[in-house]
Amino acid sequence: MMKIREGIELVEGLNKGRFPYCNVLKVENVLIDAGAGIEILKNIREKVDVLLLSHTHPDHASGAWLFQKKKVLGPDNFKTDLESLARRFVGEEIAEIWIRFVEGFGMKSFEYEGYEAGIICENPEIEAIPVLGHSADHHVFLIDQKVLFGSDVDLTSFGPFYGNPESDPYLFKKEIEKLLDLDFEIFVSAHSKPVFDKERAIEEILKFMEKFDERERKILEILEEPKRIDEIVEISPIYGKKPYAKEMLDFFERNMILKHLEKLLKDGKIRKEDEYYVKV
């Protein structure tokens, strides 16, 4: 465990906290997120009384079933059986592929009590702040007005993920901007190393946000010659390499590209001719 400040410790997930795992945060008797890996979570389970989920993506909630005898809190009004989650995140067509994938790193169906935005724990004080667009239930947590757990505002070189049907990159970018005005001292990411200086954290958040526009520019460059959506996905301007679960990653990339194409069409920067997208 890495000490963040008194009473707060970071537990690095398997694969150095990279997908399909995440880093989790122990805040006294509260554990934030459950994606570190099943064996790691088994070692933590008896040291906490409450599990608090930032959202229901599998890399954050895969071990939530281990805590069913504890108090488990998650975003209000979302179903958490694997079949419902699969339909939400990938739709019917590849739901079985998604379920097999998440079961491979230990995920099972689970239940929790719903929370809403605001103060959800008082000692320690933990405030849930919605940062939507990544998913419909994504939250970050401000702890004792000192530590900001940014969840999937994760400051990775990959950048923002918005590959689910419910995701919205332009909403996500706008929601991230809220974090720049928060009063905090330390920024903790779910997938990269913590940042112990607020000024540097702000720089890293702004750099993370640049990925939205960078990806849009890449798509426009690809459309110097007309392309069908399948051709753009094959070029892979977002993922580049897909070393595992290619069908699922293609689904995510296709969704992300389509969301940019929709905006580019609306802005008049491209047009559509039959199945082809054409730069104006």
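It should be noted that the structure appears before, not after, this text.
Fair warning: this is a prediction, and the values are worked out from it, not measured in the lab.

Draft legend 1. Broad picture of helix α8 (residues 246–266). Between its first and last C-alpha, α8 extends 30 Å over 21 residues, near the 30 Å set by a 1.5 Å rise per residue. When we look at burial in α8, the residues that qualify are M248, L249, D250, F252, E253, N255, M256, I257, K259, H260, L261 and L264.

Draft legend 2. Local environment of the layout of surface pockets. Approximately 720 Å³ is the volume attributed to the largest pocket. What lines the largest pocket is a set of 28 residues, and nearest its centre among them are F19, F158, F161, Y239 and Y244. When residues of the lining of the largest pocket are traced back to their parent elements, those giving at least two are α2 (58–61), α4 (95–103) and α8. Looking at which element gives the most residues to the lining of the largest pocket, the answer is α8, with three residues. Per-class residue counts for the lining of the largest pocket are 14 nonpolar, nine polar and five charged. When its volume is computed, the second largest pocket comes out at roughly 230 Å³. Looking at the second largest pocket, it is lined by 14 residues, and the ones nearest its centre are L155, T156, S157, E204 and K207. Residue classes in the lining of the second largest pocket are distributed as three nonpolar, four polar and seven charged.

Draft legend 3. The arrangement of the pattern of salt bridges in detail. Scanning all chains against the criterion turns up 22 salt bridges. For the salt bridge of D213 with K173, the shortest nitrogen-to-oxygen distance reads 3.2 Å. One end of the pair, D213, is in helix α6 (residues 198–222); the other, K173, is in helix α5 (residues 169–176), and 40 residues separate them in sequence. Of the residues examined, K173 reaches a relative accessible area of 23% and is grouped as partly exposed. Ionic pairing is found between D267 and K263, a salt bridge with its closest N-O pair at 2.8 Å. Accessibility expressed as a relative area gives 29% for K263, which makes it partly exposed.

Draft legend 4. Quick look at the nonpolar core. Formed by 94 residues in total, the largest nonpolar core has its most connected members in L25, W98, I176, F187 and L261. A total of nine residues in this core trace back to one element, the largest contributor, which is α6. Once you skip the residues sitting within four places of it in the chain, F187 turns out to touch L148, G150, V153, L155, P194, V195, A201 and I205.

Calculation criteria
- Residues numbered from 1 in each chain as written.
- Predicted model: local features only at pLDDT ≥ 70, side-chain atom pairs only at ≥ 80, totals over all residues.
- Heavy atoms only, no water.
- Helix = DSSP H or I, 4+ residues; strand = E, 2+ residues; numbered from the N terminus.
- Expected span 1.5 Å × (residues − 1).
- Buried < 20%, exposed > 50% of the residue type's maximum accessible area, 1.4 Å probe, protein only.
- 1 Å grid on protein atoms, 1.4 Å probe; cavity = no way out; pocket = protein on both sides within 12 Å on 5 of 7 lines; lining within 4 Å.
- Points joined across faces, edges and corners; volume = space filled by probe spheres on them.
- Nonpolar A, V, L, I, M, F, W, Y, C, P; charged D, E, K, R; others polar.
- Salt bridge = Lys/Arg side-chain N within 4 Å of Asp/Glu carboxyl O.
- Core = buried A, V, L, I, M, F, W, Y, C linked by side-chain atoms within 4.5 Å.
- Contact = heavy atoms within 4.5 Å.

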